[in-house]
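Report on the structure
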Amino acid sequence: MVNPARREDPKQEQLESRRVSPRDARLTTDQGIRVDDTDNSLSAGERGPSLMDDFHLREKITHFDHERIPERVVHARGAGAYGHFRLHESLAEYTTAEFLCDTSLTTPVFVRFSTVAGSRGSADTVRDVRGFATKFYTRQGNFDLVGNNMPVFFIQDGIKFPDFVHAVKPEPPNEIPQASSAHDTLWDFVQLQPETMHMMMWLMSDRALPRSYAMMQGFGVHTFRFVNAEGRATFVKFHWKPRLGTHSLAWDETQKIAGKDPDFNRRDLWDRIGDGDFPEYDLCVQLVPVEDEHRFDFDLLDPTKLIPEEDVPVRRVGTLTLDRNPDNFFAETEQVAFHLANVVPGIDFTDDPLLQARLFSYLDTQLIRLGGPNFPQIPVNRPVADVHNHHRDGYHQMDVHQGQASYHKNSLSGGCPVVGGEGSYTHFPERVDGAKIRKRSASFADHYSQATLFWNSMSDWEKGHIVGAFRFELGKCDHKHVREGVVEQLNHVDHDLAVQVADGVGVEPPQAPAGANHGRTSPALSQENLGSDSVQGRKVAILAADGVDSAAVAAVGDALKDAGAICEVLAAKDGFVQAANGGRVEVTRAMSTVASVLYDAVLVPGGERSVETLAEDGDALHFVAEAFVHCKPIGALDAGIDLLGRAGITGVSSAEGTVSEGGVVTGTGPGGDFSAALIDAMKAHRHWRRQKSHVPA
Ligand code: HDE
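Since the structure is predicted, the reported quantities are computational estimates derived from the model, not experimental observations. (Residues numbered from 1 in each chain as written. Predicted model: local features only at pLDDT ≥ 70, side-chain atom pairs only at ≥ 80, totals over all residues.)

1. Considering the packing of helix H11 (residues 460–475) against helix H13 (residues 495–504)
The condition is simple: Axes here mean lines fitted to C-alpha atoms, for a helix over just the part in contact, with angles spanning 0 to 180 degrees between N-to-C directions. Secondary structure follows DSSP: runs of H or I at least 4 residues long count as helices, runs of E at least 2 residues long count as strands, and numbering of each begins at the N terminus. Roughly parallel here means an angle under 35 degrees, roughly antiparallel means over 145, roughly perpendicular means 65 to 115, and every remaining angle is called oblique. Crossings are sorted by hand: turned counterclockwise from the far helix by less than a right angle, the near helix makes the crossing left-handed, and turned clockwise it makes it right-handed. Residues are treated as contacting if the C-beta atoms built from their backbones sit within 7 Å of each other. All residues other than Ala, Val, Leu, Ile, Met, Phe, Trp, Tyr, Cys, Pro, Asp, Glu, Lys and Arg, Gly among them, are scored as polar; the first ten of these are nonpolar and the last four charged.
Look at H11 against H13: their axes get within 9 Å of each other, and the N-to-C directions meet at 45 degrees. What the angle tells us is that H11 and H13 run oblique. In the packing of H11 onto H13, the handedness of the crossing is right-handed. Within the contact between the two elements, H11 uses Val467, Phe470, Arg471, Leu474 and Gly475 and H13 uses Leu497, Gln500, Val501 and Gly504. Split by residue class, the contact of H11 with H13 holds five nonpolar, three polar and one charged.

If you want it as C-alpha cells, here you go:
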C-alpha cells in the first residue's frame, strides 16, 4: 500500500519498469518459450530415464541450484521498506547537500533494519545491536547513512573488526551459539579490549531488545563533516528519533518470542506499513564548529564516544516516513547494497579510523555478495540521478552503452561524458601531515568515562536489567578467568555494578573501586525519558469465552482502536464466542496459536461464565500471569478482575469505579474512565517497577 499523500516518487517510477507480474501470464522458459508441462520430466517411456533434450528440466534445476548468494558477513538478518524523507529546516548554512537545503524537496529512501551477529534465518528478538541503514535517492546521487540503533561502537579502529566479529559470531568448533553474545569468545575479547566497555553497557541494556523497528533510535555513530557553499566545514553527528518513542521488550520475553514468532520485528514492520500505520522518525543533527574540535574531554574521531545531548543540542531537521513494503524480499531487501562512501556534495568524512576502514569494506563486500562490479545497476540500488561514466562490461552488465569511446579524454564521443561543472563532488581539502605509524592516539585512551556516564544515567529498573544481562551472559561463559576479567573491567565503570555482577556469576567481588565514579549523568540516555504519548500500533489481547460481556468488548475495543491500538479477541478456539446477551463476538485467533509475549497489553472483559471458563484454562491463566511478569498493562472489568487473582496476581483493587495502579487497571462497568485509564497505562508501554513480582510465569 503506497501512502496516497505521495504525489510523485521518482524511485518508484524507476522501479515500475522492472516489476514483473504473473497476472494473465503463461509459463515460459527463460528464453520466453511457452512450456506445455512443468510437473513431469521428459523421459524415454513412462518408467524410463529422463532425457537431456528436456531443456525446461535442465534450466529449472540449474536456476534453482544457483538461487543462493552469500549472506552478509554481518547484519545478515534484516527487513526493509521504502519511504520518503521530508526536510523541515534548511541546513544550507552548513552543507550544500541539496536534500538537506531545499525544504520543498521530498527524497525517496530505502531503509534496511537488521541484527548483526545472527545468520539470515536467525530470530529477530535476540540481544544484539540493530542496523539502521538508509539509502537516500537524492537528485545529486545516492547518500547512504549506514547506522545502528546505538550511538557508539565496540572498537575504535577498523583493523579490529574481523577480530571482534570472529569473537561474537558462533564459535568455530561447533557453530554455537547462534545469534548470541552469551559465550566465552565474545567476553574473552571484551575483557582484553577495554575500548568495548562503553558499547557493552549499551548492549547489555534494553536498547538491544527493541519492541519494534518503529520504536528504536538510529545513529550515524561517526562524526561526519558538512561542507557549505563557501567551503566551510562543520562536524556533524546524525540521529534518528522515532515518533513512537523508544521502547523495549523484556529479556525473558525476547527469548520466548524467538520461538513463538522468530519474525517478530520483521512482521511488525511489514504489518504496520501494510495497515497504513507508517513508521516515522525525525532526522536530527548535532553540529560542532571546527573551532570546537578539541573542546570535549574525548576525541570527536573516537567512535566509542557520543556527544551528550546536553552538551550539544540535537536539532530535528526532517522526517522519514516508511510507507511501502518491498515487492520481493530477495530482489530488494537482500540485494540492497549500502556503502558508507556513498555521499553527496556537502557531506564528507573525517579521520575516524573506524570510518576509514568502512570506506573500504562495503564496496569490497558487495563484490563477493552480489557477484561483480555492476551491482549498482540492480533496481533497488540504482540512483535516480543520471549515471554516466566509462565503467564497462563485467558480470551482469545491464546497460547498453552506445558510442565508440569508453575513455577520457575523448574526441570521438564529443568529449562526453563531460567531467566536472556545477554540483560536482569536491573532497574537503583537509590538510594532512604525519609520519606513517601504527599507534592509537592518546586522545582515544579513556575507555571508561562514558561507560560510567551511561550507567549513571540509567533509572533503577534499567540498572537492574543491565545487571541481569551481564549475569546472564557471563553465566553462560565456561571459563572463570573470562568472568573475572569482565568483572575487573566493570569495576572501572562502576564499583557497585561490578559487585552486583560478580555476586551473580560466582566471582570474588572487587574489594575497592578501580577509580572514582565521576558522578555525571546524561538524562537523554535513559529510556525512562524517551517515551511518547502514543499507543499507535500497540497490540492488545482481549481474552474471551462463551458468556463474555460483548458490550465491554465493543466499548473498550472501540476506544483502543480510536487511540490507534490494534485489538485481537482470543479464545480457546477460532470462530466466535457466544456473548452473555446472546449475540456473537468474533474471535481473531485461537489462544493456542499465539502467546502473551506477542501483545503489548491484555484486557479481561467481564461476563461471569466467560471468566469461569478462562479460569479453568491453563493457557488463559498463563497468558495473564506472563503479561503481568513482563510488566505489561492489564485491564480487567467486573468479573474479569477475579481472573487476575486466579492467575496469582495479588493486591488488585476491587473497589467500585476505575482504579489504575502500577499498570493494572480495574473497573466496574466499561465507562469512558476505564478505557482512558487503560490507554494511559499503555502509553507508559511497560511498568518496569513491577518487576519484583513473584507471580510464577
Ligand atoms: Fe558495518 N558492515 N562494518 N558497521 N554495517 C556491513 O556490509 C564493517 C560498522 C552496518 O542493511 C557489511 O553490505 C566494517 C559500524 C550496517 O545491508 C560489511 C566495520 C556501523 C550494516 C561491514 C563496520 C555499521 C553493515 C556486511 C568496521 C554503524 C548493514 C554486509 C570498520 C555505524 C547494511 C554489507 C545493510 C554491514 C563492514 C562497522 C553498520 C562487511 C569493516 C560502526 C547497518 O561491509
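Now that the structure has been shown, the text picks up again.
2. Some details on the environment of Gly506
Looking at where Gly506 falls in the secondary structure, it is placed in the loop between H13 and strand S11 (539–543). Between the C-alpha atoms of Gly506 and Thr613, which are 107 residues apart in sequence, the distance is 46 Å.

3. Side note on the packing of helix H4 (residues 184–192) against helix H12 (residues 480–493)
At a closest axis distance of 9 Å, the pairing of H4 and H12 adopts a crossing angle of 40 degrees. Judged by the inter-axis angle, H4 sits oblique to H12. Here H4 and H12 pass one another in a crossing that is left-handed. Seen from H4, the contacting residues are Asp184, Trp187, Asp188, Val190 and Gln191; seen from H12, they are Val482, Gly485, Val486 and Gln489. A breakdown of the residues in the contact of H4 with H12 according to their chemical character gives four nonpolar, three polar and two charged.

4. Quick look at the UniProt feature "domain: Catalase core" (unreviewed entry) in the protein chain
Applied cut-off: UniProt positions are given in the numbering used here, feature names are shortened, and annotations may be inferred rather than shown by experiment.
The sites that carry the UniProt feature "domain: Catalase core" (unreviewed entry) are, in the present numbering, residues 28–416. Annotated as 21% helix and 19% strand, the span residues 28–416 places its first and last C-alpha atoms 41 Å apart.

5. Structural notes on the domain arrangement of the protein chain
Inclusion rule: Each domain's extent was defined by an automatic or database domain assignment.
Splitting the protein chain by domain gives domain 1 (78–238 + 270–377), domain 2 (462–516) and domain 3 (539–692). Once you take the C-alpha centre of each, domain 2 and domain 3 turn out to be 40 Å apart.

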